[in-house]
Amino acid sequence: MQKAIVHAGSLSLGDGIPKICVPLTAGNFMQMESQLEKIRKVPCDMLELRADYFEGDPIEELAVLRERMPDKPVLFTFRTKEEGGERAISIEDYVQLNLRAAGVPTGGCMAGRARADLIDLEVNRGEELVRDLSSRMRSSGVKTIVSYHDFERTPDEKFLIRLLCRMQSLEADITKAALMPRTEQDVLTLLSAAVSMKEQYADRPYIMMSMGRLGAVSRLAGYLTGSAVTFATAGTASAPGQMDADFVARALEML
């Protein structure tokens, strides 16, 4: 099936080689500067700002990041505790934070002075909430990745296909599913579901990965599965199974 191409800054997602996204997991500005020094030395198409790691206001962190790395598209992610993140957050604060990161003023709160290119929205925060946020962010010119994470298991292939198709209906620009495998068959299930999306169901870019050491091959298989982005490290991983960005870039080029 023909997929739409999503543009984030100067980057095109959904065509060509899978793009490499490197997570920034700093807890403070000193750690941020140290991590950015490492990131500048590795292949990197885009950055993921993991706001749940930061001890202060993540919008201030976003502003500094835009100043330090103006040429890299930024994905803003507050990964909730329920989906493997560093801290819990109320629904109200989750909504406010993500709207501020998208440059959308809300509830008497001014929009952030910096704006992300993409925002990660967890489908498990509520489908109607995600649809509304996606629509409001699109009107502000910001793209959304609607995501699902399961750190315990890998559902069956039919479930995964239905899940991504449902996320497409929520105004997502990009859909994402990251699952933990317990067996080799779980990894094959994820890869098979991704190929089915590529051949039959996806009308926009998607990201699919199997986590942990067992699922590491899925992070290199985007040429086969159609997954648009792979997450790789510059020293600090934000999820199990992420590999060094230098190695990932070489592997993607060879494959």
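Look above for the structure.
What comes next is a walk through the structure. (Residues numbered from 1 in each chain as written. Predicted model: local features only at pLDDT ≥ 70, side-chain atom pairs only at ≥ 80, totals over all residues. Heavy atoms only, no water.)

1. Digging into helix 2 (residues 58-68)
1) Next: Counting buried residues in helix 2 gives eight out of 11 residues, a clear majority hidden from the surface.
2) Next: Contacts made by the buried residues of helix 2 are with strand 3 (19-24), helix 1 (29-39), strand 4 (46-50), strand 5 (74-77) and helix 3 (91-101).
3) Next: One side-chain oxygen at the N-terminal end of helix 2 lies 3.0 Å from the backbone nitrogen of Ile-59; it belongs to Asp-57. (Buried < 20%, exposed > 50% of the residue type's maximum accessible area, 1.4 Å probe, protein only. Helix = DSSP H or I, 4+ residues; strand = E, 2+ residues; numbered from the N terminus. Contact = heavy atoms within 4.5 Å. Polar contact = N/O pair within 3.5 Å; in protein donor to acceptor, adjacent residues only side chain to side chain.)

2. Remarks on the packing of aromatic side chains
1) Next: Per the counting criterion, the structure on display carries two aromatic pairs.
2) Next: Seen in terms of ring centroids, Phe-29 and Phe-54 are 5.1 Å apart; in terms of plane orientation they differ by 65 degrees. Their pairing is edge-to-face. Separated by 25 residues along the polypeptide, Phe-29 in helix 1 and Phe-54 in the loop between strand 4 and helix 2 bring together distant segments of the chain.
3) Next: Taking the centre distance of 6.1 Å and the plane angle of 55 degrees together, the rings of Tyr-148 and Phe-159 count as tilted. Taken as a pair, Tyr-148 in strand 7 (residues 143-150) and Phe-159 in helix 5 (residues 157-168) lie far apart in primary sequence, 11 residues in all. (Phe/Tyr/Trp six-rings, centres within 6.5 Å; stacked < 30°, edge-to-face > 60°.)

3. Examining the pattern of salt bridges
1) Next: As enumerated under the stated definition, the model contains 19 salt bridges in all.
2) Next: Of the charged contacts in the structure, one is a salt bridge between Lys-19 and Asp-15, with a shortest N-O distance of 3.8 Å.
3) Next: As a salt-bridge pair, Glu-122 and Arg-79 come within 3.0 Å of each other at their nearest N and O atoms. Separated by 43 residues along the polypeptide, Glu-122 in strand 6 (residues 118-122) and Arg-79 in the loop between strand 5 and helix 3 bring together distant segments of the chain. (Salt bridge = Lys/Arg side-chain N within 4 Å of Asp/Glu carboxyl O.)

4. Things to note about the pairing of strand 10 (residues 229-233)
1) Next: Counting buried positions along strand 10 yields five of five residues, so the element is predominantly enclosed.
2) Next: Residue alternation in strand 10 divides its side chains into two sets, Val-229, Phe-231 and Thr-233 and Thr-230 and Ala-232, and both sets are buried.
3) Next: Here strand 3 pairs with strand 10 via three bridges, running parallel. Paired with Lys-19 across the strands is Val-229, a residue of strand 10. (Pairing = 2+ DSSP bridges.)

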